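Okay, here's what each chain looks like letter by letter:
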Amino acid sequence: MDIHRTLCFPDGLKTCFRCCPPIRPVDYDHLLYRSFVERELREHTSALKERPPGVKPITGYSCWGLGYLDPDYRLVGCLLHPARNNGTDLRHLIDYGSKCRTATCREAVHFEALAGRRQSFWHGLCLDLDSFEYSSPRSNPLFHVLLWGPQLLTFIAEKELPEIARDPLIFERYPFLRLPRPGARRYLVERIERKFGLETISSPRFVERFEDYRKTLARFHADPATVPPDAPFTHRLGLDVSFSDFVRLELNYRRITQQRALELRDLIDSDMLKWFS
Ligand code: SF4
Ligand code: SF4
């Protein structure tokens, strides 16, 4: 059967709580403070069992609504969520309720876009992790891999199934997966894969050629100073998300005209033919 999973709660054995609370700094990692956070989670869990909660705004790295969801202290999650309170949403009590309701990460969006069997393939990267390890981008390679986006991850999964992804084997077969800043670069790899196939992006020399190609593109085509200051913001142009991220994050165009964006796309495609044909 094709099981569809969520990245937040993938298999009943662990949960992700990386984004709780939503006001923590982006590089904060619960795993680095494990024993302290474990003690806090136990305190939150028993406090909420003992008395009904009232309004108490949160201010720092910790939320008093975060606790253990199971008696074995394996699953960490929101004790104020409607699923824990007979359908009543208590997340407003921390004063960031609407942010909690709407917050989701790019990795979870990409995971959601994968078909169930492809999710199961990539879930192989974190089979043995507990909730703390799973929630940590330092110890869970799935977070980094997911930023390459559902298109590439689908092609790789289809090629490798019925095996499941394992670290380090999958990175030896597809070394580009370890490259930094996948969100900014996935557009290029997607285009190369579409034009030249999976064999090209998994070949041993691909990473080196790709890096040369990427740096050359940035050197010759990144010229945001020439864009009129009243040009639209890049992310508002309605471009394909991976192309928009590439233009914004890799070529540094915070604003760009539609015409310049389309010119860049054509230039990138014609340069690609020279580099990878
Ligand atoms: S960081 Fe992403 S996967 Fe983790 S709990 Fe938040 S939305 Fe879910
Ligand atoms: S209220 Fe729940 S979802 Fe919001 S930060 Fe606290 S534990 Fe996380």
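What counts as what
- Residues numbered from 1 in each chain as written.
- Chains lettered and ligands numbered in written order.
- Predicted model: local features only at pLDDT ≥ 70, side-chain atom pairs only at ≥ 80, totals over all residues.
- Heavy atoms only, no water.
- Phe/Tyr/Trp six-rings, centres within 6.5 Å; stacked < 30°, edge-to-face > 60°.
- Helix = DSSP H or I, 4+ residues; strand = E, 2+ residues; numbered from the N terminus.
- Buried < 20%, exposed > 50% of the residue type's maximum accessible area, 1.4 Å probe, protein only.
- Salt bridge = Lys/Arg side-chain N within 4 Å of Asp/Glu carboxyl O.
- Near = heavy atom within 4 Å.
- Nonpolar A, V, L, I, M, F, W, Y, C, P; charged D, E, K, R; others polar.
- Contact = heavy atoms within 4.5 Å.
- Domains from an automatic or database assignment.
- Buried area = accessible area lost by both parts, 1.4 Å probe.
- Axes fitted to C-alpha atoms, helices over the stretch in contact; angles between N-to-C directions.
- Parallel < 35°, antiparallel > 145°, perpendicular 65-115°, else oblique.
- Left-handed = near helix turned anticlockwise from the far one by under 90°.
- Patch = residues over 30% accessible without salt bridge, like charges linked within 9 Å, V, L, I, M, F, W, Y side chains within 5 Å.
- Areas by Shrake-Rupley, 256 points an atom, 1.4 Å probe, with all protein chains shown as cover.

### Observations regarding the packing of aromatic side chains
Now for step 1: In the structure shown here, the tally under the stated rule is 15 aromatic pairs.
Now for step 2: Each ring, one from Y28 and one from Y61, has its centre 5.1 Å from the other, and the planes form 25°; the classification is stacked. On the criterion of sequence distance, the pair formed by Y28 in the segment before helix 1 (34–50) and Y61 in the loop between helix 1 and strand 1 (66–68) is long-range, its members being 33 residues apart.
Now for step 3: Classification of Y61 by relative accessible area gives partly exposed; the value is 47%.

### Looking at the pattern of salt bridges
Now for step 1: One pass over the structure, following the stated rule, counts 26 salt bridges.
Now for step 2: The partner of E38 in a salt bridge is R34, and the shortest N-O contact between them spans 3.0 Å. Of this pair, E38 and R34 both sit in helix 1, separated by 4 residues, roughly a single helical turn.
Now for step 3: Overall, E38 belongs to the partly exposed group, its relative accessible area being 24%.
Now for step 4: By relative accessible area, which is 24% here, R34 ends up partly exposed.
Now for step 5: Across the pair D70 and R74 runs a salt bridge, and its minimum N-O distance is 3.8 Å.
Now for step 6: Residues joined by salt bridges that share partners form a network here, namely R181, R185, E211, R214 and E250.

### So, the site of ligand 1
Now for step 1: In the vicinity of ligand 1, the residues found are L7, C8, C16, R18, C19, T104 and C105.
Now for step 2: The residue makeup of the shell around ligand 1, split by class, is 5 nonpolar, 1 polar and 1 charged.

### As for the environment of T104
Now for step 1: Tracing the chain through its elements places T104 in the loop between helix 2 (97–102) and helix 3 (106–112).
Now for step 2: The class of T104 is exposed, set by a relative accessible area of 55%.
Now for step 3: In this structure, the C-alpha to C-alpha distance between T104 and G124, residues 20 residues apart in sequence, is 22 Å.

### Regarding helix 7 (residues 150–160)
In an α-helix, one full turn covers 3.6 residues, which means residues spaced three or four apart are oriented alike.
Now for step 1: Among the residues making up helix 7, those that are buried are L152, L153, T154, I156, A157 and E160.
Now for step 2: Buried-residue contacts for helix 7 involve helix 4 (116–123), helix 6 (141–146), helix 8 (169–173), helix 9 (182–196) and helix 10 (198–202).

### A closer look at the domain arrangement of the protein chain
Now for step 1: By domain assignment, the protein chain separates into domain 1 (1–7 + 104–173), domain 2 (30–102) and domain 3 (179–277).
Now for step 2: Placing the centre of domain 1 and that of domain 2 at their C-alpha centroids yields a distance of 27 Å.
Now for step 3: Facing the 8 residues of domain 1 at the interface are 12 residues of domain 2.
Now for step 4: The contact between domain 1 and domain 2 buries some 700 Å² in all, and 66% of this surface belongs to carbon and sulfur atoms.
Now for step 5: The largest per-residue losses of area from domain 1 upon contact with domain 2 belong to S131, F132 and R138, which jointly make up 70% of the total buried on that side.
Now for step 6: Inspection of the region where domain 1 meets domain 2 yields 1 salt bridge.
Now for step 7: Here D130 ties to R34 by a salt bridge, and the two come within 2.8 Å at their closest N and O atoms.

### Section: the packing of helix 9 against helix 11 (residues 206–221)
In a packed pair of helices, the relevant descriptors are the angle between the two axes and the axis-to-axis distance.
Now for step 1: One can describe the packing of helix 9 onto helix 11 by two numbers: an axis separation of 11 Å at closest approach and a directional angle of 120°. The angle between the axes of helix 9 and helix 11 places the two elements in the oblique class. Of the two possible hands of crossing, helix 9 and helix 11 adopt the one that is right-handed. Here helix 9 contributes R185, L188, V189 and I192 to the contact with helix 11, which in turn contributes F206, F210, Y213, R214 and L217.
Now for step 2: Its residues placed into classes, the contact of helix 9 with helix 11 shows 7 nonpolar, no polar and 2 charged.

### Some details on a nonpolar patch on the surface
Now for step 1: On the surface, a cluster of nonpolar side chains totalling about 320 Å² of accessible area is made up of L32, Y33 and F36.
Now for step 2: Its location among the elements puts F36 in helix 1.

### A look at the packing of helix 9 against helix 12 (residues 241–250)
Now for step 1: At a closest axis distance of 7 Å, the pairing of helix 9 and helix 12 adopts a crossing angle of 125°. Relative to helix 12, the element helix 9 lies oblique. By crossing handedness, the relation of helix 9 to helix 12 is classed as left-handed. Judged by residue contacts, G183, A184, R185, R186, Y187, L188 and E190 of helix 9 engage V241, S242, F243, D245, F246, L249 and E250 from helix 12.

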